[in-house]
Every structure is written in structure tokens, then in C-alpha cells.
Amino acid sequence: AYKVMPIDEFEDLDLTNEEDRVILESDLTLLAIAGIQDPLRPDVPDAIAQCKKSGIRVRMVTGDNLEIAIAISKKAGILDETYRGEDPARPYQCMEGKKFRELVGGLVPKVDDDKNEQGTTLRNMEVFAQIADQLDVLARSSP
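Residues numbered from 1 in each chain as written. Predicted model: local features only at pLDDT ≥ 70, side-chain atom pairs only at ≥ 80, totals over all residues. Heavy atoms only, no water.

The next subject is the pattern of salt bridges. The full count for this structure, using the stated rule, is three salt bridges. The residue aspartate 136 makes a salt bridge to arginine 90 at a minimum N-O spacing of 3.2 Å. Of this pair, aspartate 136 sits in the loop between α6 (125-134) and β5 (137-139) while arginine 90 sits in the loop between α4 (66-76) and β2 (94-96), and the two are 46 residues apart along the sequence. Take aspartate 136: its relative accessible area is 7%, and that puts it in the buried class. For arginine 90, a relative accessible area of 27% gives the class partly exposed. Several salt bridges share partner residues, and in doing so they unite Arg57, Arg90 and Asp136 into one network. (Salt bridge = Lys/Arg side-chain N within 4 Å of Asp/Glu carboxyl O. Helix = DSSP H or I, 4+ residues; strand = E, 2+ residues; numbered from the N terminus. Buried < 20%, exposed > 50% of the residue type's maximum accessible area, 1.4 Å probe, protein only.)

Further remarks concern the pairing of strand β3 (residues 107-111). Bridge count between β3 and strand β4 (residues 117-122): four bridges; the pairing is antiparallel. Bridge pairing in β4 links proline 109 to threonine 120. Between β3 and β4, which follow one another and run antiparallel, lie five residues, and lysine 115 among them has a positive phi close to 70 degrees. (Pairing = 2+ DSSP bridges.)

Once that is clear, we can look at a negative patch on the surface. A cluster of acidic side chains, namely Asp8, Glu9, Glu11 and Asp12, defines a negative patch on the protein surface. Mapped onto the secondary structure, glutamate 11 falls in helix α1 (residues 7-11). On the basis of relative accessible area, glutamate 11 is assigned to the exposed category, the value being 58%. (Patch = residues over 30% accessible without salt bridge, like charges linked within 9 Å, V, L, I, M, F, W, Y side chains within 5 Å. Areas by Shrake-Rupley, 256 points an atom, 1.4 Å probe, with all protein chains shown as cover. Lys, Arg positive; Asp, Glu negative; His and termini not counted. Charge placed at Lys NZ, Arg CZ, Asp CG, Glu CD.)

To continue, consider the environment of alanine 76. Relative to the helices and strands, alanine 76 is located in helix α4. A relative accessible area of 4% means that alanine 76 is categorised as buried. Separated by 46 residues in sequence, alanine 76 and leucine 30 place their C-alpha atoms 34 Å apart. In this structure, alanine 76 is in contact with Leu40, Val44, Pro45 and Ile48, ignoring residues within four places of it in sequence. (Contact = heavy atoms within 4.5 Å.)

Pairing in this open sheet of three strands is parallel, and the strands run β1-β5-β2 from one edge to the other. This sheet does not close on itself; its edge strands, each paired only once, are β1 (60-61) and β2. Relative to β5, β1 is paired through two bridges, and the arrangement is parallel. Across the sheet, the residue bridging to methionine 60 is valine 137, located in β5.

A word on the packing of helix α5 (residues 97-104) against α6. What describes two packed helices is the angle between their axes and the distance between those same axes. Between α5 and α6, the least distance of the axes is 8 Å, while the angle of their chain directions is 140 degrees. As judged from the angle between their axes, α5 and α6 are oblique. Residue-level inspection shows Phe100, Leu103 and Val104 of α5 in contact with α6, the latter providing Val127, Phe128 and Ile131. (Axes fitted to C-alpha atoms, helices over the stretch in contact; angles between N-to-C directions. Parallel < 35°, antiparallel > 145°, perpendicular 65-115°, else oblique.)

Here we come to unusual backbone geometry. A negative phi holds for most residues other than glycine; trans holds for most peptide bonds. One non-glycine residue, lysine 115, adopts positive backbone phi at about 70 degrees. Not every positive phi belongs to a glycine, and arginine 140 is a case in point at roughly 50 degrees. Looking at where arginine 140 falls in the secondary structure, it is placed in the segment after β5.

Following this line, the structure appears as C-alpha cells:
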């Protein structure tokens, strides 16, 4: 971004002063917006097609936002190119990690009959089973 400003006016600004910073940082003109794309490796779509042909269901888990994840999964062949958003018959086909964690209720301690902790489990396994049956793309995922 840039701003046209007389040099003497600029030299009089004190950038440690909040009011002067507001003057300098207001009424800016945007010069450009750039985007980058990390293309799929050429063999990925064929590998996914082979998996599907062999009966293997491929799912994508990524840190990318949902729109980007859907676009990539279409190019890879995980989602059909005709996918246009949430299908009422498959509401859990594509979702973000936050929604997934909310729906399954997060992790809770797994306790045996003697009340001993045996690791962790999901709070709502019934919902997890429904999601697992439909999920193809999980975006904005975190460990």
C-alpha cells in the first residue's frame, strides 16, 4: 500500500505517537493482491483413482481452510468435481476440525470397570460413527 503525502508532513510525524501513526496508516491505496498455489504432485489423482478402484476410501485431513481443501480434494479425485456444498443426505462429508470436535464432544478419559483410566475416548461415539461414515474432507484440522 502507499499514500501520497508531502515530505515535510511525513518528516514531522512521530511514529511512536498513536495519532501520527493513524495519520500515516489511513487513506492508503492497495497496490496488489497475490496468491500462491501448491500444486498436487502429478501422480496423486491416479493414485487416488487406483485406491478407489481397489475399494480403499481416501479421505483428506488438512490444515487448509474448507474452501481450499474442497478445491484440492476435487483436483485429487477425493470429491467429485460436481460437489457444490453440503448435501442434506451427507451433512458430514466436508467439515472443519472445530465443528468435528464440537459434534463428537472432544476427548474424555476412558475408564475401566475398576475406575482406572485407560487413555482417552470421544465423548460421543454415536455421532462419530455417523461422521466417520460420511467424512471425505476434514479442513482446519489441528493435532
